[in-house]
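# Survey of secondary and tertiary structure
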Amino acid sequence: LPLSLMTALFLLQYTDKEEVVLWMNTVGPYHNRQETYKYFSLPFCVGTKKTISHYHETLGEALQGVELEFSGLDITFKEEVMQTTYCDIELDKPKRDAFVYAIKNHYWYQMYIDDLPIWGIVGEADENGEDHYLWTYKKLEIGYNGNRIVDVNLTSEGKVKLVPNTRIPMSYSVKWKKSDVKFEDRFDKYLDPSFFQHRIHWFSIFNSFMMVIFLVGLVSMILMRTLRKDYARYSKEEEMDDMDRDLGDEYGWKQVHGDVFRPSSHPLIFSSLVGSGCQIFSVSLIVIILAMIEDLYTERGSMLSTAIFVYAATSPVNGYFGGSLYAKQGGRRWIKQMFIGAFLIPAMVCGTAFFINFIAIYYHASRAIPFGTMVAVCCICFFVILPLNLVGTILGRNLSGQPNFPCRVNAVPRPIPEKKWFMEPAVIVCLGGILPFGSIFIEMYFIFTSFWAYKIYYVYGFMMLVLVILCIVTVCVTIVCTYFLLNAEDYRWQWTSFLSAASTAVYVYMYSFYYYFFKTKMYGLFQTSFYFGYMAVFSTALGIMCGEYKKTKSLLRDVTIHSTHDSIRFMILISRFDSQFFFFFTK
Ligand SMILES: *[C@@H]1O[C@H](CO)[C@@H](O)[C@H](O)[C@H]1NC(C)=O
């Protein structure tokens with residue numbers, strides 16, 4: 001961040017006649033946003049000026065396949081250039097074919113001037129698709145405010161028919177205009193308020209908000225009423241003598257108090273998932289807040305760099321929650337748990353990236369991640385994420401690793417009674433994801449569109465709201481799911497509550513299929529695998545994040561155990577926020 005501030009303050013100021021560099025970035029099919037190639041992979045020619053070498057500035061840039069090359073155009077600050085030919089393309093057969101292929105696939109290219117992106121189209125075909133034309137004249141209009149560049153417009157002119165064995169001159173001109181746009185606001189023209197602040201967006205937020213209020217009300221009312229009734233029933237039964245009670249028909253959640261603290265099956269994976277979920281949640285929260293404070297979209301790759309940095313920095317969170325949960329469940333192989341917890345997400349992301357990289361290399365796409373970058377990412381995993389995770393795990397095991405459950409676990413597991421089909425964990429899991437998905441899917445549309453089409457996402461306030469809404473809805477839904485499950489005298493609540501929230505991800509992934517086929521025009525193996533690969537990663541991460549709310553739902557298990565005092569009902573609210581707090585009060 002200090003570096004970006006410095007760049008903004010010093011580097012982007014020009015004196016008169018100072019050199020202004022036009023960087024060529026990528027070229028690729030318009031409909032496949034992520035399928036990009038180096039600009040000079042098409043046989044464009046380079047201007048007369050000597051090249052200026054460029055290195056990747058940030059990790060995020062490198063990972064996103066930003067590969068800037070100098071255009072060779074001579075541009076100096078505030079100096080007009082009349083139409084000038086900068087080079088000629090000797091159009092032989094292969095070069096012509098390359099251009100024709102690009103034009104047929106609607107290729108367009110991207111350039112940068114002073115960090116401002118500029119897009120231009122490669123060429124055009126006539127109606128019957130037989131003749132192909134190349135745009136040869138780049139008309140640049142640059143707006144300046146004081147000694148800074150604040151606006152760039154590109155107009156493509158000079159349509160030339162592609163005929164083999166001809167010489168095509170490429171030309172450019174530069175016009176400078178005084179502009180009133182403030183330097184801080186120069187990215188505003190790339191934003192699309194009529195899309196992102198559309199009534200539908202506001203409406204959907206409002207709608208989800210209403211749903212949250214309704215849901216919270218419903219959950220607390222149902223729980224309060226049912227629990228009060230349950231308490232009344234249990235206390236009446238307690239007054240009966242033992243003989244009567246043995247014969248009485250006890251049922252409901254109280255029956256499973258001896259089993260609810262039984263460790264979940266596969267505690268190692270379970271606690272790793274929960275730890276990772278806590279981490280993803282904190283990363284999302286911090287990144288969204290940072291994005292709200294600072295306009296991260298104004299710099300290439302800074303969003304991704306920030307996310308990686310925050311992810312590495314929040315590793316102790318993962319270790320703490322994963323490690324303590326594992327210790328509470330009586331796990332002994334804590335080192336193994338730590339490794340799995342630490343590398344679960346990185347391995348998933350890197351595995352997908354690796355797979356897509358193969359295809360990218362096959363296609364010679366600029367998205368192929370350079371080897372140096374891969375090494376850097378591995379180093380971050382081993383030398384930052386792992387040690388920080390270790391710190392977190394040790395803290396978690398020592399500070400909250402004691403299984404301080406209020407009652408003992410029965411030696412023999414209780415048999416799980418037969419129940420109705422809709423009380424089966426699998427069904428509860430499937431149904432659980434519907435409401436959380438319903439509360440976020442409009443936002444998903446906006447996020448997808450900004451990532452897969454050419455919109456810059458900037459309404460992070462909305463995203464924050466949706467995250468909060470998602471949080472609350474997930475908590476409510478899992479509380480209800482767990483209550484139903486325990487009431488059916490099924491004590492296997494850990495995985496059920498985790499998965500009932502995590503199943504949101506399945507719905508999101510299904511939605512991404514819909515989005516792919518009806519909202520985009522992507523095609524080709526590369527873009528398709530890129531799309532579905534990263535959508536899978538995104539959905540899984542989202543699922544793990546949602547599932548993590550297990551912690552906040554410990555309320556039911558507390559309720560299950562504790563006595564029949566009415567005051568407990570108030571404790572429910574508190575323990576919703578922290579179960580530790582709850583124990584402190586009742587002791
Ligand atoms: C670029 O185009 C926009 C819209 O046509 C115009 O408002 C702006 O003044 C142009 N900027 C320059 C530098 O010509």
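Values in this document were obtained by computation on a predicted structure and should not be read as measured data.

The rules we used
Residues numbered from 1 in each chain as written. Predicted model: local features only at pLDDT ≥ 70, side-chain atom pairs only at ≥ 80, totals over all residues. Heavy atoms only, no water. Disulfide = S-S within 2.5 Å. Helix = DSSP H or I, 4+ residues; strand = E, 2+ residues; numbered from the N terminus. Salt bridge = Lys/Arg side-chain N within 4 Å of Asp/Glu carboxyl O. Buried < 20%, exposed > 50% of the residue type's maximum accessible area, 1.4 Å probe, protein only. Polar contact = N/O pair within 3.5 Å; in protein donor to acceptor, adjacent residues only side chain to side chain. Patch = residues over 30% accessible without salt bridge, like charges linked within 9 Å, V, L, I, M, F, W, Y side chains within 5 Å. Areas by Shrake-Rupley, 256 points an atom, 1.4 Å probe, with all protein chains shown as cover. Core = buried A, V, L, I, M, F, W, Y, C linked by side-chain atoms within 4.5 Å. Contact = heavy atoms within 4.5 Å. Pairing = 2+ DSSP bridges. Axes fitted to C-alpha atoms, helices over the stretch in contact; angles between N-to-C directions. Parallel < 35°, antiparallel > 145°, perpendicular 65-115°, else oblique. Left-handed = near helix turned anticlockwise from the far one by under 90°. Nonpolar A, V, L, I, M, F, W, Y, C, P; charged D, E, K, R; others polar. Near = heavy atom within 4 Å.

### Observations concerning the state of the cysteines
Scanning the entire structure with this criterion turns up one disulfide. One disulfide bridge connects cysteine 45 with cysteine 87, the sulfur atoms lying 1.9 Å from each other. Across the disulfide from cysteine 45 to cysteine 87, rotation about the S-S bond amounts to roughly 70°, and the bridge is consequently right-handed. Here cysteine 87 lies in strand S4 (residues 81–91) and cysteine 45 lies in the loop between strand S2 (37–38) and helix H2 (59–63), a separation of 42 residues in the sequence.

### What about the pattern of salt bridges?
By the definition in use, this model includes 16 salt bridges. With a shortest N-O distance of 3.6 Å, lysine 78 and aspartate 16 are connected by a salt bridge. On the criterion of sequence distance, the pair formed by lysine 78 in the loop between strand S3 (69–70) and S4 and aspartate 16 in the loop between helix H1 (2–11) and strand S1 (22–29) is long-range, its members being 62 residues apart. Between lysine 455 and aspartate 192 there is a salt bridge; the shortest N-O distance is 2.8 Å. On the criterion of sequence distance, the pair formed by lysine 455 in the loop between helix H13 (434–452) and helix H14 (460–487) and aspartate 192 in the loop between strand S10 (166–178) and helix H4 (193–196) is long-range, its members being 263 residues apart. When its relative accessible area of 24% is taken as the criterion, lysine 455 is described as partly exposed. Among the charged side chains, a salt-bridge network with shared partners connects Asp88, Glu90 and Arg167.

### Here's the deal with the side chain of threonine 504
Its location among the elements puts threonine 504 in helix H16 (residues 504–519). We classify threonine 504 as buried; its relative accessible area is 0%. Only 2.6 Å separates the side chain of threonine 504 from the backbone oxygen of alanine 501, close enough to count as a polar contact.

### Details of a nonpolar patch on the surface
Taken together, the side chains of Phe206, Phe209, Met210, Ile213 and Leu465 make up a nonpolar region of the molecular surface, amounting to roughly 480 Å² of accessible area. The dominant element in the nonpolar patch, judged by the number of residues it contributes, is helix H5 (residues 199–239), at four residues. Position of leucine 465 among the secondary structure elements: in helix H14.

### Some thoughts on the nonpolar core
Within the largest apolar cluster, 108 residues are counted, with the highest numbers of intra-cluster contacts made by Ile75 and Val122. Beyond its immediate chain neighbours, meaning those up to four positions away, valine 122 contacts Val27, Leu42, Phe44, Phe99, Ile103, Tyr107, Trp108, Tyr109, Leu134 and Trp135. Grouped together as the second largest cluster of nonpolar side chains are 21 residues, Val219, Ile469, Cys481 and Leu486 included.

### Looking at unusual backbone geometry
At lysine 78, a position not held by glycine, the phi torsion is positive, near 65°. A positive phi angle, near 60°, is found at asparagine 165, a position not held by glycine.

### A few points about the pairing of strand S8 (residues 132–145)
The buried fraction of S8 amounts to 11 of the 14 residues, a majority that puts the element mostly inside the structure. The pairing of strand S7 (residues 123–125) with S8 spans three bridges and is classified as antiparallel. Residue pairing for S8: alanine 125 is matched across the bridge by histidine 132. Between S7 and S8, which pair antiparallel in sequence order, lie six residues; one of them, glycine 129, sits at a positive phi of approximately 70°. Pairing of S8 with strand S9 (residues 148–161) involves 12 bridges; the strand directions are antiparallel. Paired with glycine 143 across the bridge in S9 is aspartate 151.

### Some words on the packing of helix H12 (residues 425–432) against H14
It is the contact of H12 with H14, at a shortest axis distance of 11 Å, that shows an interaxial angle of 165°. Considering the angle they form, H12 stands roughly antiparallel to H14. The handedness of the crossing between H12 and H14 comes out as right-handed. Side by side, H12 and H14 meet where Pro425, Ile428 and Gly432 of the first sit next to Val477, Cys481 and Leu485 of the second. Each residue belonging to the contact of H12 with H14 can be placed in one class, and the counts come to five nonpolar, one polar and no charged.

### Remarks on the site of the ligand
Near the ligand, the surroundings consist of Glu141, Ile142, Gly143, Asp151, Asn153 and Lys177. Contact between the ligand and aspartate 151: a nitrogen atom at 2.9 Å from a side-chain N or O atom of the residue. Contact distances for the ligand include 3.2 Å between an oxygen atom and a side-chain N or O atom of lysine 177. Considered on its own, the ligand offers 370 Å² of accessible surface; in the complex 48% of this is hidden by protein. Going through the elements one at a time, S8 and S9 are the ones with two or more residues in the shell around the ligand. If you tally residues by element for the shell around the ligand, the top one is S8, at three residues. Tallied by class, the residues present in the shell around the ligand amount to one nonpolar, two polar and three charged.

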